[in-house]
Structure formats: C-alpha cells, structure tokens
Amino acid sequence: MGRIHFLYSIVVAFSNIFVKLNATVERPPVTVAPATMPPQGEQGEPFLNSYGEPLGCPQNECAFYVEWRSNGQFIDFRMEGNASGWIALGISGQNSALDTVNRSFSDVLVCQVEAVGSAVNVTDLFLRGGEVTPSFDSSQEGLDLTSGEITGDRIFCSFSRVQFALPGQEGQDVSFSDDNFLFFLSGNATGLDTVNEVPMDFSASALSGNVIFSFTRANLNRGFVVFTAPFTTLPGKGSFPTSSCSREDCDFYFRWGVNPNNPNYLTFFISADLTVGWAAIGVSRDRRMGGDEIDDIFGCSTNNDLFRGGVEVADTFNIAGGDRQNFGDNSGTDGLVSHRLGVLNGRLECTFSRLIAVLPGEDGSDLDLDNSYYIIIGTGENPGTPFTRHERNPEWSTSEVNLVRESSVDFDYSRIPLIKAHGIFMVLAWPILAQLGIAMARHMKPAMPNGGWFLLHRILVLSGVFFSSLAFLLIFVAYRNADTRGLIHLGDINGLGTAHFVVGITVIVLQFTNPIIALFRCAPDDNKRWIFKLLHKYIIGCSLQLLPLANVMIGLYLFGDKIVNPRKMDAYWVMVALVSAYSLWDGLLNIYFGYSCHKCKEKTCAVTVEGELGTELKPISPDGSTSHDPTTKPKKKPSPDHWLRWAGWIGLAAIAIPLGITIIGLIGRG
C-alpha cells in the first residue's frame, strides 16, 4: 500500500477547487470563463491609457501602439504595430528595470501570425532575467484573444489577460496590480510553434525595430505610464558647442537628474549629432584623461543588436596613469539601466539610469556620483563598447560639478570660435599674403627694377607673418583648458594632429628666422653673399612656401573631420584646388622665365644684377663685363617681358585671393 499524497489548490477568483490523489506536482489547468469578461470595444470602460511610438504619433501612423483598460479581473489590451511576424508587450517584474543586480523575469504577451494562413493569435511567454530567448508559460490560461488580423505589414490584435499570476505560473506572470516597467518589441519571422512550444527568436537578426522600455513604473490598473524620459523635466542641462543650443541642433546635448522612482539612481538623457558611433559622459577628479585617478565614463553606442534598438548602454572607465584606454566595468552593466535607446531623427539618443553609489567590487572602475567632478563629454564614430578612442577632442567642464546636487554645467564655448579664427588667419597669412609676397620676389624683380618689388615683398610677407603669429597664439588660447594644457593630443592617437602641431611650430620658427637673416645680409658684391641666398631664398624660403601650404591643408582636414559637426570637408577640398591651381600656374611661370633666362646668350641681351634694393638692368660692354660708372646712376628700366610677368603674378593673385576668401567663408560657416 503506497503513501497517498494530497495536493490541493484553491483559486478563489474562479471558485475552482481540486484534489488529486497520487498526484505529481503538476496541477490540472485552471479554466477561466471568458463569459465573465465583456467583449472589447462593445462594453466596459473606454480605453483611457495609451502609448504610441514615436511619441505623439497618430494611432494609425505609429510604429507601435498600445492601449489598455482595467476590466474587473482582467486588463484589456489593444495592440498594433509595423511587423509581418509578431508584436509583443513585455511587463517586467518590480525593480527589474532599475535593479540589474537582482535580475527578475519579464512577462511577455505576443501577438503572432500563424505559419499557415494569416490568422493572428496571442501567446503568453516569459523572459528570464538577463536572457533574450523567451520560454512558454506552463499554462496559457488567463489569456483570451478577442480579435487579431494582419493587413499588409501591420498586425492588429485585441486580448485580455488576468491581472495576477495563476497558480503554478509564479515566476512566469506578473501581477498587473503591482508597479511594473513595460517594453515593446517586434519581429518579422512567422510561424511560432505553439504545439511544440518553440518560442520565437529574440536575437538581433529576428527583431524589426527598437526595444522601447518605459521610463517610469506603471500600475496598469491606475493610470498612464511614461515610455521615454521626459528629459525637459530633468533639472540638469549641458550642451555643446553653445550653452543655448537645443536637443535638435547641439553637437552634444544632455540632461540629468535623480530618478523620480528610485532616488538611488541618476537618470541621464543624451542626444548627439551622429547616427553611427558613441556618445558618453564622464566624471574625473583631475581634469585629465588617464590622470592620477580613474575616469568614470558611461553612455551609449550603436551596435548590431536590435534587441536593444541597435544601441547599447555601457559603464566604462579609463585607468589611472594610463594612455586613455577605455575598459568595461568589472561587473558589466550592473547598476546601469537603459530606458530608451535608438537613433531618432538622425541623432543618437539614449535614456539610462546609473547607480549613484559604487557597487561592491566596482571601487576600481566606478566613482560615487554624489561628489564634485569635472564633467567630460565626448563622441566617436566607431561603434562598440568599451568606447573606442574619440576622433574629436573631448570637452571638459570649466569647473567641478556635483551631478546629484547641481543642475548646470559650463564648457569652454570659446574654443570652436577660436579654432575658426586660427584657421581664417592662417589661410589669410599663407595661401594668400605670403605666397603672393614670395612670388613678387621670384618673378617681379625685372619688371620692377627700382625696388618696388622689394617693398611689396616685405609688405605682403610681413603681413603674413603677423596674421600667422596671431593665429598661432589663438590656438593655444583655444586649448588652454584641454587636458594637455594648451596642446592638442599628440602621438599615435592623433597622427595628423601631431603632424599639424610639429609642422606649425617649425613654420613659426622659420617665419621669424628668415626676416632676421635678411636684416644681417651682406652686400650684393660680397663674396659670401651666396650663403645668404642659400639660406634666405632656397632653404628657408622654399620651406616657407611649401610647408605652410601643406600644414594649412592638414589643418583644414582636421577641422572638417574632427572639429565641425557634422563632418564637412568642403574647405579642405577648396584648399586642394587652390594649391593645385597655384602650383601649376607658378610652375609654368618658373619654367618659362627660367627658359627665357637660359636662352639669353646674345651680348646685346640684358642681364640682371642684384642691387641693394633689388635687381637692376645693366647693358653688357663689348668685353662681356657689365659697365659700371660710379659717377652715373645706372639706368633702371623694366625688362621687355615685364607685361608677361605682371600677367603671371596677377594670375597667381586671381587664384589665391578668390579661393582663399572662399575657404575663409567656409571656415566661418562651419
């Protein structure tokens, strides 16, 4: 005689009592009488609670739309969304969306298209914490489909779900009478196998859109739920490149505040002007990335995982005393919760909450946010986490801020205007003034033998030196608050930036050296005059013609690629056109005038002799020597080809001035 086991369960709501002898732990299904539920759309209270994505969309234009109402023991739902396979509403357990340390399950209600035909059914699934593949509930009782259809690529369904977990389904169904977080997702794969209980795939390739989490908890019995952070109500605000730009036109815009549902968390909203890459906020004690202490960095990045909307959040840090390399936190994303992620209206946007305190084991990678720190904001165009090196220099707050207790942060808003002024003055100095001054000395001596060329040469070149020196000072002022104290980032992390800096320093040294050499030049008939010519004309002079043009091109490339946002390379390409056209025209002039000089073999031909103020034309005496009468001032007469020389120089000016002004305009507008 075996032992008799009595297992019983009483479900008061449905007056269902059963006793099973020699029973297993599995109970018979609980039958819910749908007759107790009034048909949707015909009886009962109106649907007063609703949400559509994107926010404010008309119902028939929403990518996902849901409305619900309390109906006795049930909650009635109506859902529709753009998908050809299934749409789903998820309800997460209490604290699960903000407490990622103690992950709980999620209740998922799926309206799916059957494999055969176009019937739409509803299925009750659950998702274990931290997983992306759902499981079938042990029973589908308590779930009733009212209607379902698919029209084109849009699914419609109406159903009701009992408000509480039925016996045996604890850990699978949540109670709608509790405060819960909601989320939406959809996919295009059809044919959910309800017979063999094979769930659909929630992996990245199966989803058709963003997964949207609610920002606040909702009690479906009592009222409305906010599905995205009302960022305008978050008290803290920061932006760049100006303090007055908005979410729509800032390069980087963010809000923050203590989470209204859980004061242990800070909630952040980030909107950055990029569609691929990452955007992050960081805190640092020493205003230097990889300095004496760690930098705590958190933000979002695009990725290929559509389960999280193609965007993921990450909590990272830069090691102390390191090379600014970014690492993921010791415990991953514990203490970091995403609410809404996606690329919306051409901008990377994310709302997430970060635990204020430091979790156990995170003391080497997290900082307590209830302290004062310098704030860092940065972006990068290479997606993925930990965050890759930023192409643009990060921006630092001008003072320390406690994000828990303060609501404003200021950045150095003068940096971009100063960088633009640096570029404008450099373009004015070298491609325009200095180049035309050098061409004046090279080609115009015979055309202006009385020293006029020398006067114009000095005016143009020294004006270029003035504007170049001013631009050089401005760039140090622009980066006075950088973590390298006035210098751009150097080394392998910024190869072009390093080249621009090194060449720029070289040019500045040479531009002052050459005039100094000219002040101490020897007389034209001195036998050591060749040393002056070698240095002033060929070594330093040619260097100052070539290096600044190359460096301005590098600078404009960096400006378009790493400073302005969005990326604009038009000024760089105009500079390429200027250098190409100018080099071609100047090269032709050098070839022609050089050939003409070489061809001049006749004794009656004029030769050039350098005077104190420049070149003078001297007739050749019968013995081949140049005549020189110390009592008679030599006759100074323009060379026969002076008109051609003027035409050549004016041609250079016609290239340099209009294109240079165009570049200046593009820099100012960028």
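Here the structure is a predicted model, which means the values were calculated and not measured.

**Quick word on the packing of helix H2 (residues 452-478) against helix H3 (residues 495-519)**
In step 1: Two elements in contact, H2 and H3, have axes whose closest approach is 11 Å; the angle formed by their N-to-C orientations is 140 degrees. The pairing of H2 with H3 is recorded here as oblique in orientation. Note that H2 runs across H3; the crossing there is left-handed. Contacts from Val 465, Ser 468, Ser 469, Phe 472 and Phe 476 in H2 reach Phe 501, Ile 505, Ile 508, Gln 511 and Phe 512 in H3.

**A few points about the nonpolar core**
In step 1: Counting 58 residues, the largest nonpolar core has Phe 254, Ile 281, Ile 375 and Ile 663 as the members making the most contacts within it.
In step 2: Top element by residues in this core is helix H5 (residues 570-599). It accounts for seven residues.
In step 3: Excluding anything up to four places from it in sequence, Ile 663 contacts Val 427, Leu 556, Ala 571, Val 574, Met 575 and Leu 578.
In step 4: Residues Met 79, Cys 111, Val 120 and Val 174 belong to the second largest nonpolar core, which totals 25 residues.

**Considerations on H3**
In step 1: End to end, H3 covers 37 Å across 25 residues, agreeing with the expected 36 Å (1.5 Å per residue, within 8%).
In step 2: Where the residues of H3 are buried, they touch helix H1 (415-443), H2 and helix H4 (529-563).

**A few points about unusual backbone geometry**
In step 1: Cis geometry is adopted by the peptide bond preceding Pro 241, which originates at Phe 240 and carries an omega value of 20 degrees.
In step 2: Following the sequence through the fold, Pro 241 ends up in the loop between strand S14 (236-240) and strand S15 (252-258).

**Observations concerning the sheet that holds strand S5 (residues 74-82)**
In step 1: Overall, antiparallel pairing links the five strands, which are arranged S3-S4-S5-S11-S10 in an open sheet. Each having just a single partner strand, strand S3 (49-53) and strand S10 (143-151) make up the two edges of the open sheet. Strand-to-strand twist of the sheet, defined as the mean angle between neighbouring strand axes without regard to direction, takes the value 10 degrees.
In step 2: As paired strands, S5 and strand S11 (residues 154-162) are joined by nine bridges and run antiparallel to one another. Across the sheet, the residue bridging to Glu 80 is Phe 156, located in S11.

**Quick look at the environment of Cys 350**
In step 1: Tracing the sequence through the fold places Cys 350 in strand S22 (residues 347-355).
In step 2: Along the chain, Cys 350 and Ile 270 lie 80 residues apart, while their C-alpha atoms are 5.4 Å from each other.

**A word on the pattern of salt bridges**
In step 1: For the structure on display, the rule yields 14 salt bridges.
In step 2: Between Glu 80 and Arg 154 there is a salt bridge; the shortest N-O distance is 2.9 Å. Within this pair, whereas Glu 80 is found in strand S5, its partner Arg 154 is found in strand S11, the two being separated by 74 residues in sequence.
In step 3: In this structure, Arg 645 engages Asp 641 in a salt bridge whose closest nitrogen and oxygen atoms are separated by 3.2 Å. Considered together, Arg 645 and Asp 641 belong to a single accessibility category, that of buried residues.
In step 4: Here the residues in one salt-bridge network are Asp 107, Asp 124, Arg 161 and Asp 173, joined through shared partners.

**Observations concerning the packing of aromatic side chains**
In step 1: Overall, the coordinates contain 20 aromatic pairs when judged by the stated rule.
In step 2: Judged by centre distance (6.4 Å) and plane angle (75 degrees), the ring pair of Phe 298 and Phe 352 falls under edge-to-face. Highlighted residues: Phe 298 in strand S18 (residues 295-302) and Phe 352 in strand S22, separated in sequence by 54 residues.
In step 3: Following the ring pairs from residue to residue traces out a cluster consisting of Phe 252, Phe 254, Trp 256 and Phe 411.
In step 4: Between Arg 645 and the ring centre of Phe 593, over which it is positioned, the NZ or CZ distance is 4.0 Å.

Basis of the calculations
Residues numbered from 1 in each chain as written. Predicted model: local features only at pLDDT ≥ 70, side-chain atom pairs only at ≥ 80, totals over all residues. Heavy atoms only, no water. Axes fitted to C-alpha atoms, helices over the stretch in contact; angles between N-to-C directions. Helix = DSSP H or I, 4+ residues; strand = E, 2+ residues; numbered from the N terminus. Parallel < 35°, antiparallel > 145°, perpendicular 65-115°, else oblique. Left-handed = near helix turned anticlockwise from the far one by under 90°. Contact = heavy atoms within 4.5 Å. Core = buried A, V, L, I, M, F, W, Y, C linked by side-chain atoms within 4.5 Å. Buried < 20%, exposed > 50% of the residue type's maximum accessible area, 1.4 Å probe, protein only. Expected span 1.5 Å × (residues − 1). Pairing = 2+ DSSP bridges. Salt bridge = Lys/Arg side-chain N within 4 Å of Asp/Glu carboxyl O. Phe/Tyr/Trp six-rings, centres within 6.5 Å; stacked < 30°, edge-to-face > 60°. Lys NZ or Arg CZ within 6 Å of the ring centre and 35° of its normal.

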